[in-house]
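Structural overview for review
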Amino acid sequence: MTDELDLVGALDSAEPLRPEAYQRARAVLRAAMADPGTVRPLGATSTQDTIMEATSTMETTTATRDYESSPAPQRRRRIGIAGRLGIGAGVGVAAAAAVVAVVLNSSAPVGVGAGTDSSAAAPGSTSVDGTAERAPLMTLAGSIKTVAPATGDAWLVKATQVHGTKTMQVVYTLYTDSHAIYTGNSVRDIKRAIARDQDQMTDGGYAPLLRAAVAAADSSPTDGRTQMLKAAKDPLVGLDPAAQKAVWDKRQADAQVIIKQKGGDAAPKPYSPQAVQRHFDNALWTYSTQALSAGEGNRRVRAGVLRLLSTISAVSVTDSTTNGKATLTITAGPEVFGGEGSEVLTIDATTGMLVEGVSTVPGLPRAATTYESSRVTEADL
């Protein structure tokens, strides 16, 4: 089977890719394996459109897996520093090629379901299912939202991404308490980005998701979910059942045309309130964890994301210990991803900072990103 590592690895002339780029390329493959009928190859009309389409599509591919065929997000994002750091056309081309290969060659069964869903929510709702099992997320969110760190004025995070046994790369990110974000392959790169005023909060593509996460820190759970899905341009949120069904059915029909053109065979998924609820949960996990990865140094982003994740019924939370420190392990099981694979986040039980993120997909190497976070003073870098 074609592997996203082979395709991305072939991009010798491309600039280094951030961990999020690998995650999104992997999510494209996961979507194809879980439900080949919903995969749509990336399109392009110009170099800039290629970059924006690739970034936008890969940001929503986990949501694509059980849709459910929702339309791709609109081309709304500026490129800026994110593009210069590798979230661009090269990744999109590689991911698109991988999707076609998996659609045509995967042994995964067609029409893999997302399992049973007891939700009785109305289709237009983004209702929540808060239970005692996920209460630790709400408790931690309340703590980190109100308690500021005692030292330093920024978080420095070193992220090391490994696929299987291969280290893909190491990326450094500085999150200042004034909410600027600077990224590079070293601390030296970060200092250069600061000097050039390359703040990803203004030049990057994640600002809408980060704003939604901040808002979720103070919103009701239901309102927080809705704001995040609207920030991500989810095509089903806010629609009445009839309008949702029309969008759903059109995307399924469009997907069928493309799959048949590529020689694939996948049955369309029928519209139902339960399927829409699974879509919302899936999309919420995708966009919320992207916001966390992009802006974890902002304590209100962390608080908002934890509150959002606590609303997903298929998410479980357990106490854990990592390197001698108390942590929380947050698991999104196969129900969130159309019945295929899982994602696990480990966060510090006091600060909420990421410690590790692991993605498992049948037929692909295990992907893990470890995070080393420390408080620093920006002027002393």
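Each remark here, short or long, concerns the structure printed above.
One broad trend across soluble globular proteins is that nonpolar side chains are buried collectively. Grouped together as the largest cluster of nonpolar side chains are 53 residues, with contacts concentrated most on Leu-209, Met-228, Trp-285, Leu-306, Leu-309 and Ile-330. Per-element tally for this core: the top contributor is helix 13 (residues 273-295), with 10 residues. What Ile-330 contacts, discounting residues up to four positions off in sequence, is Leu-137, Trp-285, Leu-306, Leu-309, Val-315, Ser-316, Glu-343, Val-344, Leu-345 and Ile-347. If you look at the next biggest cluster of nonpolar residues, it comprises 9 residues, including Leu-156, Leu-174, Ile-190 and Val-376.

Right, let's get into the side chain of Arg-307. If you trace the backbone, Arg-307 turns up in helix 14 (residues 299-309). Among buried Asp, Glu, Lys and Arg side chains, Arg-307 stands out as unpaired, with Asp-218 the closest opposite charge at 6.9 Å. Of note is the side chain of Arg-307, whose polar atom sits 2.5 Å from the backbone oxygen of Ser-219. Sequence-distant contacts of Arg-307, defined by excluding residues within four places in its chain, comprise Met-138, Ala-141, Ala-216, Ala-217, Ser-219, Ser-220 and Pro-221.

Turning our attention to the sheet that holds strand 1 (residues 154-163). If you trace the 8 strands from one edge of the open sheet to the other, you get 3-2-1-8-7-6-5-4, paired in antiparallel fashion. If you trace the sheet from one side to the other, it starts and ends with strand 3 (181-184) and strand 4 (315-322), each paired once. Adjacent strand axes in the sheet meet at a mean angle of 20°, parallel and antiparallel pairs treated alike. Pairing between strand 5 (residues 325-332) and strand 6 (residues 342-348): 6 bridges, direction antiparallel.

Going through the model one piece at a time under the given rule, you end up with 8 salt bridges. A salt bridge links Arg-192 to Asp-189, with the shortest nitrogen-to-oxygen separation between them at 2.8 Å. One end of the pair, Arg-192, and the other, Asp-189, are both in helix 8 (residues 187-195), 3 residues apart, so they sit about a helical turn from each other. For Asp-189, a relative accessible area of 22% gives the class partly exposed. Residues joined in a network through salt bridges with shared partners are Lys-145, Asp-218 and Arg-300.

Quick look at the pairing of strand 2 (residues 166-176) now. Of all the 11 residues making up strand 2, 8 are buried; the element is thus mostly covered by neighbouring parts of the structure. Where strand 1 and strand 2 come together, 10 bridges link them in antiparallel fashion. Of the residues in strand 2, the one forming a bridge with Val-162 is Thr-167. Linking strand 1 back to strand 2 in an antiparallel pair, the connection comprises 2 residues, with Gly-164 at a positive phi of about 65°. Counted between consecutive antiparallel strands, the loop separating strand 2 from strand 3 contains 4 residues, among which His-179 sits at a positive phi close to 80°.

A few words now on the packing of aromatic side chains. Summed over the entire model, instances satisfying the criterion amount to 1 aromatic pair. When the centroid spacing of 5.7 Å and the interplanar angle of 85° are considered together, the rings of Trp-248 and Tyr-271 count as edge-to-face. With Trp-248 in helix 12 (residues 241-261) and Tyr-271 in the loop between helix 12 and helix 13, this pair connects stretches of sequence that are 23 residues apart. Judged by relative accessible area, Trp-248 falls into the buried class, the value being 1%. The exposure class of Tyr-271 is buried, given its relative accessible area of 18%.

Quick look at the packing of helix 10 (residues 207-216) against helix 14 now. Following both chains from N to C, one finds helix 10 and helix 14 inclined at 75°, their axes separated by 7 Å at the closest point. Between helix 10 and helix 14, the angle falls in the class roughly perpendicular. Where helix 10 abuts helix 14, its residues Leu-210, Ala-213, Val-214 and Ala-216 lie against Arg-300, Val-301, Gly-304, Val-305, Arg-307 and Leu-308. When grouped by side-chain class, the residues that make up the contact of helix 10 with helix 14 number 7 nonpolar, 1 polar and 2 charged.

What follows deals with the pairing of strand 7 (residues 354-360). Counting buried positions along strand 7 yields 5 of 7 residues, so the element is predominantly enclosed. Note that strand 7 and strand 8 (residues 367-376) share 4 bridges and pair antiparallel. When the bridges of strand 8 are listed, Gly-357 appears paired with Thr-369. Here strand 7 folds back onto strand 8, and the loop between the two strands holds 6 residues, one of which, Gly-363, carries a positive phi near 90°.

Okay, helix 13 next. The first and last C-alpha atoms of helix 13 sit 32 Å apart over 23 residues, in line with the 33 Å expected at 1.5 Å per residue. With 21 of 23 residues buried, helix 13 is to be regarded as a mostly interior element.

Conventions adopted
- Here the residue numbers are simple positions, counted from 1 along each chain's written sequence.
- Confidence filtering applies because this is a predicted model: local features only for residues at pLDDT of at least 70, side-chain atom pairs given and counted only at 80 or more, and all residues used for totals across whole chains, interfaces and linings.
- Values shown for side chains rest on all heavy atoms present in the structure; no hydrogens or waters enter the calculation.
- Here, the term nonpolar core denotes a set of buried Ala, Val, Leu, Ile, Met, Phe, Trp, Tyr and Cys residues that are joined through side-chain atoms within 4.5 Å.
- Think of it in three bands: with a 1.4 Å probe and only protein chains considered, a residue is buried below 20% of the maximum accessible area for its type, exposed above 50%, and partly exposed in between.
- A run of H or I in DSSP becomes a helix once it reaches four residues, and a run of E becomes a strand once it reaches two; helices and strands are each numbered from the N terminus.
- Residue contacts are counted whenever heavy atoms from the two residues lie within 4.5 Å of one another.
- Under this rule, positive means Lys or Arg and negative means Asp or Glu; His and the chain ends count for nothing.
- Salt bridge, as used here, is a side-chain nitrogen of Lys or Arg placed within 4 Å of a carboxyl oxygen of Asp or Glu.
- Whenever two N or O atoms come within 3.5 Å, that pair is a polar contact, provided that in protein one can donate a hydrogen and the other can accept it, and provided that, for residues adjacent in sequence, both atoms are side-chain atoms.
- Note: two strands are recorded as paired if DSSP finds a minimum of 2 bridges between them.
- Convention adopted: a line fitted to C-alpha atoms gives each axis, helices being fitted over their contacting stretch, and angles between N-to-C directions are expressed from 0 to 180 degrees.
- When two rings of Phe, Tyr or Trp (its six-membered ring) have centres within 6.5 Å they constitute a pair, described as stacked for plane angles under 30 degrees, edge-to-face for angles over 60, and tilted for the intermediate range.
- Relative orientations are named as follows: roughly parallel for angles under 35 degrees, roughly antiparallel for angles over 145 degrees, roughly perpendicular for angles from 65 to 115 degrees, and oblique for any other angle.
- Put simply, Ala, Val, Leu, Ile, Met, Phe, Trp, Tyr, Cys and Pro go in the nonpolar bin, Asp, Glu, Lys and Arg in the charged bin, and everything else, Gly too, in the polar bin.
- A helix is expected to span 1.5 Å multiplied by its residue count minus one.

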